[in-house]
Amino acid sequence: MVNAMVESVTIFNFGSCPKCFDETLLLPSEEKYAIERVADPASWDGTRTDVAVITGYLVPGDAAVVEQIAANAGQVIAFGTCAVTAGPFGLASAKGTKFLAAREVAKDAIELPACLGEWFELYEAIQGNAPQRPYKKLCSTCKRRSTCKFLSEVVRQLDPATDEESCFNDRGFACNGYVARQCKEKCIDQFTPCRACKPLIDRPGIRMLSMFGTLVANVEVATEATGGIAGTDKLADGPDDVTRGVPDVSGVFFRFSLPVEMPLGKVLSSGNILSNVFTGRMIEELPLIAGMLGGQNAISMQLDIIEAYEQGTGIEVTDVVKTHRNNLRELESQIMTAIENSDAVAYGGTTEQIRQVAGNMNLSRVYFGGFKTVIPGEQASFEEYKAKIIEFKQGTYQAGNVAYTLDAEGKVTDFTWSVKA
Amino acid sequence: MNTAGVARMGYDTAIKIVPLQCSGQANPQLIMDALKDGADAVGVIGCCIGACHFVNGNMLSMHRIKLMKQLFKELGYSDQQINHYTARAAEGETAVGDFEDIMARLKRAEHDGTTLPEGW
């Protein structure tokens, strides 16, 4: 356990977006310990450090470097879900990309999952106050109330203006809050179902699948006869209302835990990790995924994805929406400058402004057609900038640096981003 | 299954029976554990639709397994390694028919090379 005698903290950035690495800029600078930030861990000189903080996803090729870090550190902290389970990048394991959890190499590592990693939790962990079980449940902090009644339908989108009190799951809108801890980003407050980046329990993906599968017991499930004279009913293999409601089970329930819960997938890889992450996902989930893993380009990546679909399907947005989007793009360039200059004050100020408009650093409020919740301080009525429920239209969509193709179900079959892989 | 046993009906020796009070108890974690611990396939056999002693345990199980099958397909594996059947308690041949179906589907998946890797 780390204690107050810590004199040196070294923060490493492995593969990722790298928002968690950037977020560590917010660690108080007046502390007694010296903070070294290592953007390229392979070139690290191996100097002894009291606390090593690992951010970003790890691949098998990183094992030797992480071993060296663990051998030269008093304590290793895996900061952010990427370091713990590969985070949203782990979805690429369905296409054969291998990942490494920090604890596979550094067995005593303290795990601080969250997307975005919570700097205050890291700060406490460095002091020796890592969070302990039992963790506080996300549902206990949610303003919505769950009845856990069996559902008759599954929906992929909800109108942001309706019903502020019912649990998303009660309305057939899959939310992983049941298996998540209280968190800082709190997507649920931005009318965005939780995807459990900060899991409450082990094996959150399969358990949430189990929970949701139970909830949808009244949804029509297809059966077929087994055949023969002693035939009975068998669960059918074809699509039905259950699979049409959740056409992307791995992306919904296993977004942050796929590599640690399931075997390595055999789907043909595109050769690009970002493309592998996005392929197979549902169009309505793309804005949040981009907000999570787009890193310093998250805003432009997310807005490119949104605007591509809006332009391709004729969704019009108001001037209020355009103004806020331009503001967000401007904030993105400001945050890049702040990071480049390691300017913690500017970084902190800019992130607060982003949170003001986009709801959080995962940009959960931003959606097709507008915003999902009221923007504080915005004088225009919510109706003027409210997000729209989209129809799923097959086709190829392109805007800015993003291009993707959707199938008839609204699932991505091909994705390219030309700025950063 | 008891009826099938009493009637000395034959079925593949690869079939290992794990009795549960209700198919609704066969949760996805258990199924994944079985597959991880060496089972080649898992077939959950519940009561006929509408005949659940615990109201809807068989339906709960069916819906969960449907999502699991979808997950397996998304990962590039055969969804024929997990299936849900129903059988009539008084007719052993319905359970034996299910066993045969489990084996036939597994063999097809093995032939296609889409079964889960060993020791994952």
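The model shown is predicted, which means the values in this text are computed figures rather than measured ones.

Draft legend 1. Structural view of a nonpolar patch on the surface. The grouping of Met1, Tyr11 and Ile17 of chain B at the surface amounts to a nonpolar patch, some 260 Å² of accessible area in total. The topology assignment puts Ile17 of chain B in the loop between α1 (2–6) and α2 (28–36).

Draft legend 2. A look at the packing of aromatic side chains. All names here are of chain A. Evaluated as defined, the whole model comprises 17 aromatic pairs over all chains. With a centroid separation of 5.5 Å and 85° between ring planes, the pair formed by Tyr57 and Phe99 is classed as edge-to-face. Linking Tyr57 in the loop between β3 (49–55) and α2 (63–71) with Phe99 in the loop between α3 (81–85) and α4 (102–105), this pair joins segments that are 42 residues apart in sequence. Assigned by exposure class, Tyr57 and Phe99 land together as buried. Between Trp119 and Phe120, the ring centres sit 5.6 Å apart and the planes meet at 85°, which makes this aromatic pair edge-to-face.

Draft legend 3. Summary view of the pattern of salt bridges. Counted under the stated rule, the structure contains 32 salt bridges over all chains. Put simply, Glu284 of chain A and Arg156 of chain A hold a salt bridge, and the shortest N to O gap is 2.7 Å. One end of the pair, Glu284 of chain A, is in the loop between α10 (273–278) and α11 (286–293); the other, Arg156 of chain A, is in the loop between α5 (119–126) and α6 (204–215), with 128 residues separating them in the sequence. According to the relative accessible area criterion, Arg156 of chain A is buried, its value standing at 12%. Across the salt bridge formed by Glu91 of chain B and Arg88 of chain B, the nearest N and O atoms sit 3.1 Å from each other. Members of the salt-bridge network, linked through shared partners, are Glu224, Lys234 and Asp237 of chain A together with Lys69, Lys73, Asp79, Asp101 and Arg105 of chain B.

Definitions and cut-offs
- Residues numbered from 1 in each chain as written.
- Chains lettered and ligands numbered in written order.
- Predicted model: local features only at pLDDT ≥ 70, side-chain atom pairs only at ≥ 80, totals over all residues.
- Heavy atoms only, no water.
- Patch = residues over 30% accessible without salt bridge, like charges linked within 9 Å, V, L, I, M, F, W, Y side chains within 5 Å.
- Areas by Shrake-Rupley, 256 points an atom, 1.4 Å probe, with all protein chains shown as cover.
- Salt bridge = Lys/Arg side-chain N within 4 Å of Asp/Glu carboxyl O.
- Helix = DSSP H or I, 4+ residues; strand = E, 2+ residues; numbered from the N terminus.
- Phe/Tyr/Trp six-rings, centres within 6.5 Å; stacked < 30°, edge-to-face > 60°.
- Buried < 20%, exposed > 50% of the residue type's maximum accessible area, 1.4 Å probe, protein only.

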